[in-house]
Amino acid sequence: MALLWCLWMVIGILAEPGVSQDCTPTPGAQNLALQRTANQSSTYEDNTGISVPARAVDGKRDGYQDQGSCSHTKLDREPWWSVDLGSRYSVSMVIVKNREDKCCWERLKGAQIYVGDSQNYHELNNAICGTITDPTAGSLSTICCNGLEGRYVTIVIPGREEYLSLCEVEVLSQGCTPPPGAQNLALGRPANQSSTLLDKTGQAVPGRAVDGNRDGKFEVGSCSHTTLIREPWWNVDLGRRYSVSMVIVKHGENKCCGVRLKGAEIHVGDSIVNHGKDNPICGTINDTRPGSLSTICCDGLEGRYVTIVIPGRSEYLTLCEVEVLSQGCSQPPWAQNLALGRPATQSSTHKDDTGKAEPGRAVDGNRDGNYKQGSCSLTKLENEPWWNVDLGSRHSVSMVIVKNREDECCWERLKGAQIHVGDSLANHGKDNPLCGTITNIRPGSLSTVCCRGLEGHYVTIVIPDREEYLTLCEVEVLSQGCAPPPGAQNLALRRPAMQSSTIRDFTGEAVSGRAVDGNREGAYDQSSCSHTRFDTEPWWSVDLGSRRSVSLVIVKNREEECCAERLKGAQIHVGNSVANGGRRNPICGTITDPSPGSVNTVCCNGLEGRYVTIVIPGREEFLTLCEVEVLSQGCIPPPGAQNLALGRPANQSSTYNNGTAKAEPGRAVDGNRDGKFELGSCSQSELDTEPWWTVDLGSRHSISMVIVKHREDECCGGKLKGAQIHVGDSLVNQGEDNPLCGTITDHRPGSLSTICCSGLEGRYVTIVIPGKTEHLTLCEVEVLSQGCIPPPGAQNLALGRPATQSSSVEHKTGQAEPGRAVDGNRDGKFELGSCSQTKNDLEPWWSVDLGRRYSVSMVIVKNREDKCCGERLQGAEIRVGDSLVNHGKDNPLCGTITDPSPGSLNSICCNGLEGHFVTIVIPGRMEQLTLCEVEVLSQSCAPPPGAQNLALGCPAIQSSTFEDWTDRSEAGKAVDGKRSGLWEQGSCSQTELDIEPWWTVDLGSRHSVSVVIVKHLEEECCGERLKGAQIHVGDSLVNHGKDNPICGTITNTVPGSLSTVCCNGWQGRYVTITIPGRAEHLTLCEVEVLSQSCAPPPGAQNLALGRLANQSSTFEDETGKAVAGRAVDGKHDGKFEQGSCSLTKLDIEPWWIVDLGRRHSISMVIVKHREDKCCGERLQGAQIRVGVSRMNHGKHNPLCGTITDTRPGSISTICCNRLAGRYVTIVIPDREEYLNLCEVEVLSQGCAPPLMAENLALYRPANQSSTYQNGTEIALAGKAVDGKHDGLWKDGSCSHTNLDTEPWWTVDLGSRHSVSVVIVKHTEDECCGDRLKGAQIHVGDSLVNHGKHNPICGVITATEPGATSTICCNRLEGRYVSIIIPDRAEHLTLCEVEVLSQECAPPLVAAGLSLTPFWGP
């Protein structure tokens, strides 16, 4: 910027007054001509050499011809000089430097400057910018072009014979220039303005300014126009927020009104308050010439709305076109043309003298825009013509580049063509997401449309809403790039190479091996480049030694100016054939950047082959390669891979002792990657001959890779160079004789060496430095499993389960039934009759029914071993879910089979994916599906039937709370019932970066925990954070629960995965998750604590059967009224049309309630879902509430649990854990829904009292071993029979003894009775729930020893605070009921004791009570 303003000052000094025109360089203006390609009518030669046209754009303003910096023609008639700017630009001015020597400066007088797009007649048909009037020696003539647009600038001396000499030509841009791929964001978008003028052209509506028509004549009807108004404004809505590079405004061409736009302001922002006038200002219009183009630089200013306003005066606002250009997009590193040579189709095909203009012409790699050359596709004239290319698979697309035709006929046809990218071929892909629209229709133009990573399988180009021909001279679909994968190795280094011929010159023989010598030197004279002779289709090839999977090929071009362009269009082939020099092998990609010294990275995406060939097709050329690197597909940790070495026993040849501590071998597997030796986390041997280190993995494993962390100090990085990794089952010779996995070649300080082991199996991993005496230092060794490994206790859920398939082939072994694949036999020989097989079906499938919903850790598939057909399984998909629609093919994808080798075992990690059915399908082709065994492994322990999420909605706390601009990540978000792992959804808890961060949930009371399920964050950034997190379960909050027993550890770090940790019935009130031993963020997207389930206790009865029920409303259809009583009619039929299901209307928070007749202790509630497919999801989140209140239909009674299973016909078992109440309510909270119940069973806690049983103990005389007194409060024995169920000690309704040995309490029933049950209410205070554990209930007629010798009725086992224990006495008879705690000293606290008779109590009516239901008539 400063340079340009200095330039302008120089212009002012050198130019005589009145000679230079009145224009100044706009901010950000660039010299578009600098070092661009130039041409002239002829070239003069003198003692300075040849005065080539490029001298005028070499950046030197020296005006002396003899210094060799001026261009010069011969004596020509109307001599000319021209520069190609490379693409169309808006030109603000042209500055011409005249020669300074005495000879000939007057020659430039009258020279004319032209700007335009035409090359005809040397651009003289282009528009004239101005004329040079100052021919003085060394003059600088500044010619104002005022935004004139064009690709070519020409200078000509008209009408005479003359020499044309130019010492420098500078073509300055109109301020900022459009970035590559910039789009007009305003085209066709909704616009508005302060008012609208009505005249003979009609209404000058605001949309005229974004109609794509730059015609500046108002009478033609393409300009918007307001009435005369104070501060008139115009506004366009871009649809969403964009980064704006510039705004271009076309002025009206009529002479009347040019000054109106002077001072108009451009605003860009997200607000339309005050019509957007308060948004940030982008710039101001200063140019008032009729028909001019004002370009206002916005430099990436962001916003949704662009407003143009004339401030501070009354004025008309006229806009003939407004273009809002995006910040463009640039080609990412390593981007590949995904469309090259791919199958293409179009709506129709035009045929003419060039032949059929097939759709494949547009992806042939030829950018020739001359239609007659036969490289452009073309449809017939039709409505909404389309063209489509199949990329072969789903890709992330950075941009689409479209080459327009160059001949004069028809380039305008492409205007408004839309680019769509997506996975659907419905409507020819026109309904896929829109990438962008083509707005540049100049002949031969290259339209770059930014897709910004839009993903899809197909790219469609369509011209919408009109009848048109669709012509495409080339379509390039650029990938989002590729990068070398971790651990990738250069497979070509020093491998044998060949080429079509070898040139011999001053460097010697330029042999093929020079290109794989490891030297990237690009100077040819340094003898490190290969070079063929001038051959037709020259080629070069390297032998990798064996078949390899190639990620990318990197080619270094020579650095000299002379010959770099030779590599343009060179093709890379990868395959197993050496026929024709390997040129028939599949093509990996094409070299597109031939600039000197360039490094071209061509993505091969795992293409496999032994030979890599580079060929220049279709022409005679030299092939020069300064280095070729062929990178392996590396190895990347497979999904679910675990570090098998972490914390395992390790050993080494000796142990270094620096006087302060021993560098023990276990340091290398402590989970700490710190590479600073002095911090004590690196192992090290003494100075040994061939030092070694080994780790015992505990059992045989399949190894994907070994990662070794080098020490970071500068002293010793080179010591690990050449270290070998061995994997196997032997410890002979310290494991050095086990198979070799690989060798460490990277010895940079602090580096991570990743060695691919490709499934090598063994128990021991050994690292040894062979052949020298050295210290062996390892700062961390990670041994990654081949994907996920079976979790402890995992079971094969598929074994012997019912299976089906698309068809069954008949064989001499019999029908290859689907059940063969789950018979437990892994034999892979088909003829032995243990493999299932379908016929040759389209998309064949196989499915197994697991019996119910499970969390699946992995699926293992055994391929057949015979040589015939292993490849059939390639690409087979594993799907897990609850649906059988389309045979389960639409269920979530677990993974894909990639190893079809004979006898292979494919382990597909499902990471806790849940479902009832597992389906295997071969998509998209006709095939036979053969499976020799399918094993579906559970996620270690599986949730028991009826298990409840105890943590849902419970209070949670954490060590700290992270807060950013989106929200506070509070602890409660991890128990909100939302499994979304997306951070932006706001459903994850997160701490700050704490040392040993923790999170705790209070379950409310002590529970038996079966499993804890943790949902990980789905973002790639942070999956490893949870690695090593510990789950604690217990009753203590000391140290935030970290001292409670440990349930298990999280080892899975896959983003978005579900970690299931088995607790096996561990008991406690608090569940704590902590990350020990390091500073970390603790992020939890959901924590589910599943109960140990509940089973119906012996003698449990359905208390709801036939009881009085009601609901919020009643649905009526052809089956009749779906009344509430249907749900307690004892029928389990789940088909709604059979008339046995209750159903409400569409209510807000619909409810259903049943009256059990009296208070009961509830063990569980069982809900039968409807079986038809229509409506299973309706019950999701329904709450079960149990209590004694009928207020608000029982919705505020204590929560028993929530329904989470919504599969059709399922049975949800909700554990209530002795919750006591008379009313059971089912409600769907917080939404409008139908409530549909096909049966509700409310099971008693063991035996249930008879329907009208009487409480025999109520207000009867009671006694106890002693009476506790706290101040004035005396806890008398009678308080336990006062009819009050309040369990809080402070409310004074509980009996309480002192600390007695074998304390007792007894009640006198007055006479002998038959007792059905005794119900005991525990204290609700946290202090003392376990005191009643083991208390015995005795019933009999004796008071000897306080009734302790009477028959025992039962024992109290519940210890949860506030629990209600129901003890079945089964008609045991007696006058006295005693409760005793045997064999220990204890306080005996009883908050209520109910002794229920076996007989019926007097009728309610007889007692003066009404039988009217509580919900009214």
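Positions within a chain are numbered from 1, following the residues in the order the chain's sequence is written. With the structure being a predicted model, the display of local features is reserved for residues of pLDDT at least 70 and the display and counting of side-chain atom pairs for 80 or more, all residues being used for whole-chain, interface and lining totals. Heavy atoms from the whole structure form the basis of all side-chain values; hydrogens and water molecules are not counted.

(A) Structural detail: the overall build of the protein chain. Elements are defined by DSSP. Helices are runs of H or I of four residues or more, strands are runs of E of two residues or more, and each kind is numbered from the N terminus. The number of helices and strands found in the protein chain is one helix and 105 strands. Classification of the 1417 residues of the protein chain by burial places 55% in the buried group. Contact criterion: two residues are considered in contact whenever any of their non-hydrogen atoms come within 4.5 Å of each other. Once local pairs closer than 6 in sequence are excluded, the contacts in the protein chain between residues at least 24 apart make up 77%. All accessible areas in this document rest on Shrake-Rupley with a 1.4 Å probe, and a residue is counted as covered only by the protein chains that are shown. Counting only carbon and sulfur atoms, one obtains 49% of the accessible surface of the protein chain, whose full area is about 58,500 Å². Only four residue types enter the charge count: Lys and Arg as positive, Asp and Glu as negative, with His and the chain ends excluded. The atoms used to mark charge sites are NZ of Lys, CZ of Arg, CG of Asp and CD of Glu. Once the 132 positive and 170 negative side-chain charges of the protein chain are each reduced to a mean point, those two points are 2 Å apart. Burial classes follow relative accessibility: with a 1.4 Å probe on protein chains only, a residue under 20% of its type's maximum area counts as buried, one over 50% as exposed, and anything between as partly exposed.

(B) Expanded view of the packing of aromatic side chains. Centres within 6.5 Å are what make two rings of Phe, Tyr or Trp a pair, Trp counting through its six-membered ring; a difference in plane orientation under 30 degrees is then read as stacked, over 60 as edge-to-face, and the rest as tilted. On inspection of all chains with the given rule, the structure shows five aromatic pairs. Here the aromatic rings of Y44 and Y163 are separated by 6.1 Å at their centres, their planes lie at 90°, and the arrangement is edge-to-face. One end of the pair, Y44, is in the loop between β1 (37–40) and β2 (45–46); the other, Y163, is in the loop between β10 (161–162) and β11 (165–166), with 119 residues separating them in the sequence. Overall, the relative accessible area of 28% leaves Y44 in the partly exposed class.

(C) Spotlight on the nonpolar core. Judged by nonpolar contacts, the single largest core of 28 residues is most densely connected at W999, V1001, V1012, I1031, I1073, L1084 and V1089. Of all elements in the fold, only β74 (998–1015), β75 (1030–1034), β77 (1058–1074) and β80 (1086–1091) reach the threshold of two or more residues within this core. The leading source of residues in this core is β74, at six residues. When near neighbours in sequence (up to four residues on either side) are disregarded, V1001 contacts A951, C954, P955, A956, V975, R1069, Y1070 and V1071. The term nonpolar core refers to a set of buried residues drawn from Ala, Val, Leu, Ile, Met, Phe, Trp, Tyr and Cys, joined through side-chain atoms within 4.5 Å.

(D) Representation of unusual backbone geometry within the structure. One non-glycine residue, N427, adopts positive backbone phi at about 55°. Structurally, N427 can be placed in the loop between β31 (418–422) and β32 (434–437). The partly exposed category is assigned to N427, whose relative accessible area is 41%. With a phi close to 55°, N733 is a non-glycine residue in the positive phi region. With respect to the helices and strands, the residue N733 is situated in the loop between β53 (724–728) and β54 (740–743).

(E) Quick look at the pattern of salt bridges. Any Lys or Arg side-chain nitrogen located within 4 Å of an Asp or Glu carboxyl oxygen qualifies as a salt bridge. One pass over the full model with this rule turns up 59 salt bridges. Residue D237 is joined to R304 by a salt bridge in which the shortest nitrogen-to-oxygen separation is 2.8 Å. One end of the pair, D237, is in strand β18 (residues 233–250); the other, R304, is in strand β21 (residues 293–309), with 67 residues separating them in the sequence. Here D237 falls in the buried class, since its relative accessible area comes to 15%.

(F) View of the confidence of the model for the protein chain. Confidence of the prediction at every residue is given by pLDDT, a number between 0 and 100. Taken over all residues, the pLDDT of the protein chain has a mean of 84, while the share at 70 or more is 90%. Within the model, the stretch residues 1–21 combines pLDDT values under 50 with 30 contacts to residues more than four positions away or in other chains.

(G) Quick peek at the state of the cysteines. Sulfur atoms of two cysteines make up a disulfide when they are within 2.5 Å. Applying the stated criterion to the full structure yields 19 disulfides. Residue pairing for C70: its cysteine sulfur links by disulfide to C167, the two sulfurs lying 2.1 Å apart. Linking C70 and C167, the disulfide has an S-S dihedral of approximately 100° and is accordingly described as right-handed. With C70 in the loop between β3 (49–50) and β4 (71–72) and C167 in the loop between β11 and β12 (168–173), this residue pair connects regions lying 97 residues apart in the sequence.

(H) Molecular detail of the side chain of E382. You can see E382 is positioned in strand β29 (residues 382–383). Despite being buried, E382 has no salt bridge partner; K380 is the closest side chain of opposite charge, sitting 8.0 Å away. Leave out the neighbours within four places in its chain, and E382 touches S347, S348, R466, E467 and E468.

(I) Broad picture of the pairing of strand β86 (residues 1151–1168). Most of β86 sits out of view: 16 of its 18 residues are buried. Here strand β81 (residues 1109–1111) runs beside β86; their pairing, made up of three bridges, is antiparallel. The residue of β86 that forms the bridge with N1110 is I1153. A pair of strands is considered paired only if DSSP assigns at least 2 bridges between the two. As judged from the 13 bridges shared by β86 and strand β89 (residues 1211–1227), these two strands associate in the antiparallel manner. Paired with V1154 across the two strands is V1224, which belongs to β89. In the sheet, β86 pairs with strand β92 (residues 1239–1244) via six bridges, with the strands oriented antiparallel. By the bridge assignment for β92, V1167 is matched with V1240.

(J) Focus on the side chain of E1233. Here E1233 lies in strand β90 (residues 1232–1233). Polar contact is defined as a pair of N or O atoms within 3.5 Å, subject to the rule that within protein one atom must be able to donate a hydrogen and the other to accept it, and that residues adjacent in sequence are counted only when both atoms are side-chain atoms. Among the polar contacts made by the side chain of E1233, one reaches the side chain of R1231 at a distance of 3.3 Å. Every residue in contact with E1233, bar those within four places of it in the chain, is listed here: T1144, K1145, L1146, D1147, P1150, R1178 and I1228.

(K) Summary view of the pairing of β92. Within β92, six of the six residues are buried, which leaves the element mostly enclosed by the surrounding structure. Residues E1239, E1241 and L1243 line one face of β92 and the alternating positions V1240, V1242 and S1244 line the opposite face, and both faces are buried.

(L) Quick peek at the environment of E621. Tracing the chain through its elements places E621 in strand β46 (residues 620–621). Exposure remark for E621: the relative accessible area of 13% places this residue in the buried category. Linking E621 and N1102, residues 481 residues apart in sequence, is a C-alpha distance of 91 Å. Apart from residues no more than four positions distant in its own chain, E621 is found in contact with T532, R533, F534, D535, P538, R566 and I616.

(M) How the structure looks around the environment of T1204. Position of T1204 relative to the elements: it lies in the loop between β88 (1199–1202) and β89. The class of T1204 is exposed, set by a relative accessible area of 53%. Distance in space between the C-alpha atoms of T1204 and A1182 is 7.9 Å, their sequence separation being 22 residues.

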